[in-house]
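Examination of the molecular architecture
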Amino acid sequence: MENLAYVFFSAALINNFVLAYFVGLCPFFGVSNRVSTAIRMGGAVVFVMTLTSLAVSFLNAYVLPAAPYLRLISYIVVIASLVQIVEITIKKVSPTLFRQLGVFLPLITTNCAILYLALFQHARGYDFLEGLFFALGAGAGFTLALFLMASLRERAELADVPSAARSMGLAMIIAASLSMAFMGFAGLFSS
C-alpha cells in the first residue's frame, strides 16, 4: 500500500507531467483562463488517463507481448477512441461545457501527457494496480497544475500588471514560477 501511495504522490507532485516534464502544455495554457473550465478539463483528462491506463494494462498483458511493434499505434488508437467517447458524452450531458472547452477537448487526443502516461507506465513496468494509481496521480497533478494556473491568472486580471506582461507573457511567468515551486517536492520522498 505504501508503494501505491508513493506512485500516486510521485506522479501528482514530484514528477508532475506539466510542471516537471513540460508535457500537456497546450491545454495547460489554453484552458487555464477560468478556474471552472480548468477543473472540468482536468476532470476530463483524469477520466481519459484512467481509462487509458486500464486499456494499456490489458494491452501490455494480453495483446502486445505477441506484437510489440504495435505498441505505439495501439496506444494512439486507444487514446483517440476514449477522447471521442468523452467528447460525445460531454456534448450530450453539458453543451455549455462543450462550448467552453472548445477546440481543447479534441486536443486531449494529441495531449502528449496521455501518451506519455501510456509509454511511461509500460517503461516502468507497472502492474494493473500501480498503473491505475499512476494514472490517477498524473491526472490529479495535471488538474492541480491547471487549477493553480487558472486561479493565478484570474487574480492577475484584477492586478495592475504592465501591458508588456499581460496575456501570454504573464502566463509564462506564472508557469515558470509554478514549475520552480514544484521542484521543491523533489526531496519529499527518498527513492
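For the structure, check the block above.
Residues numbered from 1 in each chain as written. Predicted model: local features only at pLDDT ≥ 70, side-chain atom pairs only at ≥ 80, totals over all residues. Heavy atoms only, no water.

This part is about the overall build of the chain. Scanning the chain for helices and strands turns up eight helices and zero strands. Along the chain, helices (α) and strands (β) appear in the sequence α-α-α-α-α-α-α-α when read from the amino end. Taken against the 2.2 N^0.38 rule, which gives 16 Å for 191 residues, the C-alpha radius of gyration of the chain at 17 Å falls within 12% of a compact globule. Once the C-alpha set of the chain is aligned to its principal axes, its extents read approximately 60 × 45 × 30 Å. Burial status across the chain gives 44% buried among its 191 residues. Contacts in the chain between residues at least 24 apart in sequence constitute 77% of all its contacts with a sequence separation of at least 6. Accessible surface, the chain: about 9,800 Å² in total, of which carbon and sulfur atoms supply 70%. Within the chain, the 7 negative side-chain charges are centred at a point lying 11 Å from the centre of the 10 positive side-chain charges. (Helix = DSSP H or I, 4+ residues; strand = E, 2+ residues; numbered from the N terminus. Rg over C-alpha atoms; globule rule 2.2 N^0.38 Å. Buried < 20%, exposed > 50% of the residue type's maximum accessible area, 1.4 Å probe, protein only. Contact = heavy atoms within 4.5 Å. Areas by Shrake-Rupley, 256 points an atom, 1.4 Å probe, with all protein chains shown as cover. Lys, Arg positive; Asp, Glu negative; His and termini not counted. Charge placed at Lys NZ, Arg CZ, Asp CG, Glu CD.)

Quick look at the environment of G24 now. Relative to the elements of secondary structure, G24 occurs in the loop between α1 (2–14) and α2 (25–30). Once the C-alpha coordinates of G24 and L115 are considered, the two residues, 91 residues apart in sequence, prove to be 9.8 Å apart.

Between helix α3 (residues 35–63) and helix α7 (residues 128–158), the shortest axis-to-axis distance is 8 Å and the interhelical angle comes to 165 degrees. If you check the angle between α3 and α7, you find them roughly antiparallel. You can see that α3 and α7 cross each other, and the crossing is right-handed. In terms of residue class, the contact of α3 with α7 is built from 18 nonpolar, nine polar and one charged. (Axes fitted to C-alpha atoms, helices over the stretch in contact; angles between N-to-C directions. Parallel < 35°, antiparallel > 145°, perpendicular 65-115°, else oblique. Left-handed = near helix turned anticlockwise from the far one by under 90°. Nonpolar A, V, L, I, M, F, W, Y, C, P; charged D, E, K, R; others polar.)

From the geometry alone we can't say anything about function, so treat these as descriptive.
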